[in-house]
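Inside the fold
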Amino acid sequence: MAVIVPFRAVRYNPEKISNIEEVVSPPYDVIDAGGQAALLERNPYNMIRLDLSKNVKGEGMTEQRYAGAAELFRQWQRQAVLLREERPAFYIYEVDYRRPDGRTLTRRGFLSRVQLAEFAEGVVKPHEKTFAGVTSDRLRLLDTCQAQFSPIFSLYSDPAGEIMQLLARGSTEPPLYSVPDHNGCEHRLRLVTDPAVLQAVGEKFQDKALYIADGHHRYTTALQYRALVRERRGQLDPADAANHTMMYLCGMEDPGLSVLPTHRLLRLPGYKTSTDLLNALQDYFEVMEISNGGRESLLDETLARMAEGEGGNTCFGFYHPGEDRSFLLTLKDGVMDREAAHQPPALRDLDVVVLSDLIIDRLPDLDKSRCVQGELIDYYSNAAEALDVAVKEAVLAAEAGGRTEATPVLFLMNPTKVDQVRRVADENLVMPHKSTFFYPKVLTGLAINPLSD
């Protein structure tokens, strides 16, 4: 099924860049305007100058924007700031990190080129929708620079871990790079060039499908680029670089693989008490108030109770910052089968679908279209950060006299499970926006995939 091949990456020259931490960046789609400015301050060779952030509107998508990045890419190669690998390779990519719950883990994967396949072929499987506005910017950057700067994060099944064991036997020591990121995670890259190992690993993927974890827009962009090249040059050789994309591949059974929850801060029109909201939801959920300790203690206990679950049913945390009250909402038996029969079973099981169908769709005066557009909802992977923002907004509302245009409320979520991602993708379904957060993010700049050999 999946066809993976080694490649000669372009990467930073340690003799020119003594501190690789200064030049790598998070993926472009998580960098806001402030983050972009901070990266530019760190080092004039930071990857954000090539990969460009998404903080640009239509009028900013000028030829100069993309041509400038392409010229810098060529210039850095002329200056030997960036070097081309001499031999085709796979790149073992390990990351040590601490989860929000305090556990320390190591996730193991590797970078490879992957032959492109249309989603309908069932070789590469998505679980999210993509948006044309995002891919048009990335397509122009890819086409102009003739390089892919940021890898796509995908999963494959390997219960025995045979692939990473093979790669480990052929890897170099010490690592090419060992790089801390802004969250304190340690990223390491190792080279594997042994032809026998490269061939053996490639053969292991002949019966495997790949599941996109993060980077749906990047994959769609790669498909669009291939179609563009075919229009220009006709049918491509299967080995052509335009027929491939760079992926970070991780076994879905890897003990270091983590999916974090994405909590929702909703802004409800008008002034709503917790009683108003709970009355609207009582037909669907059992409600239990959490009442121990201060605000942070409420948060911790609510999250702990959610993790324990109630009879295996979906549990949400609901916090009303204006009243400093926290509740556990446990889905009643049979509710989704009755109220969301239009949804396939694979989606009915998802916490984010329960939230969307039974809460966002049914709370009084809530405009779902404005939620979808991001005007009434923000997403946070860090529950403490979400709590801080919710409290600050509630304080501002109180200072305005309490009768405000919007009431902030926080819904605390459990993470989507990896096997749920696989089931949804296998059934050709898509999840709601922000259903998964695979942590940590893969860094941009440890290896670049040139689109010319």
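Here is what the cut-offs are and how they apply
Residues numbered from 1 in each chain as written. Predicted model: local features only at pLDDT ≥ 70, side-chain atom pairs only at ≥ 80, totals over all residues. Heavy atoms only, no water. Buried < 20%, exposed > 50% of the residue type's maximum accessible area, 1.4 Å probe, protein only. Helix = DSSP H or I, 4+ residues; strand = E, 2+ residues; numbered from the N terminus. Pairing = 2+ DSSP bridges. Salt bridge = Lys/Arg side-chain N within 4 Å of Asp/Glu carboxyl O.

Before going further, it helps to spend a moment on the pairing of strand E16 (residues 315-320). Counted residue by residue, E16 has six buried out of six residues, so it is predominantly covered. Across the two faces of E16 the burial is the same, with Cys315, Gly317 and Tyr319 and Phe316, Phe318 and His320 all buried. In terms of strand pairing, E16 meets strand E17 (residues 325-331) through six bridges, oriented antiparallel. Of the residues in E17, the one forming a bridge with Tyr319 is Ser326. Linking E16 to E17, which pair antiparallel, is a turn of four residues; within it Asp324 sits at a positive phi near 55°. Here three bridges tie E16 to strand E19 (residues 406-412), and the two strands are oriented antiparallel to one another. By the bridge assignment, Phe318 is partnered in E19 with Phe411.

This next bit is on the pattern of salt bridges. On inspection of all chains with the given rule, the structure shows 33 salt bridges. A salt bridge links Glu118 to Arg226, with the nearest nitrogen and oxygen atoms 3.4 Å apart. Here the residue Glu118 occupies a position in the loop between strand E5 (104-115) and strand E6 (124-125), and Arg226 occupies one in helix H7 (residues 216-233), the gap between them amounting to 108 residues. Since its relative accessible area comes to 36%, Glu118 is described here as partly exposed. Overall, Arg226 belongs to the buried group, its relative accessible area being 5%. Between Arg233 and Asp240 there is a salt bridge, with the nearest N and O atoms lying 2.4 Å from each other. Among the residues examined, Asp240 registers a relative accessible area of 18% and is labelled buried. Here the residues in one salt-bridge network are Glu94, Asp96, Arg108, Glu173, Arg188 and Arg190, joined through shared partners.

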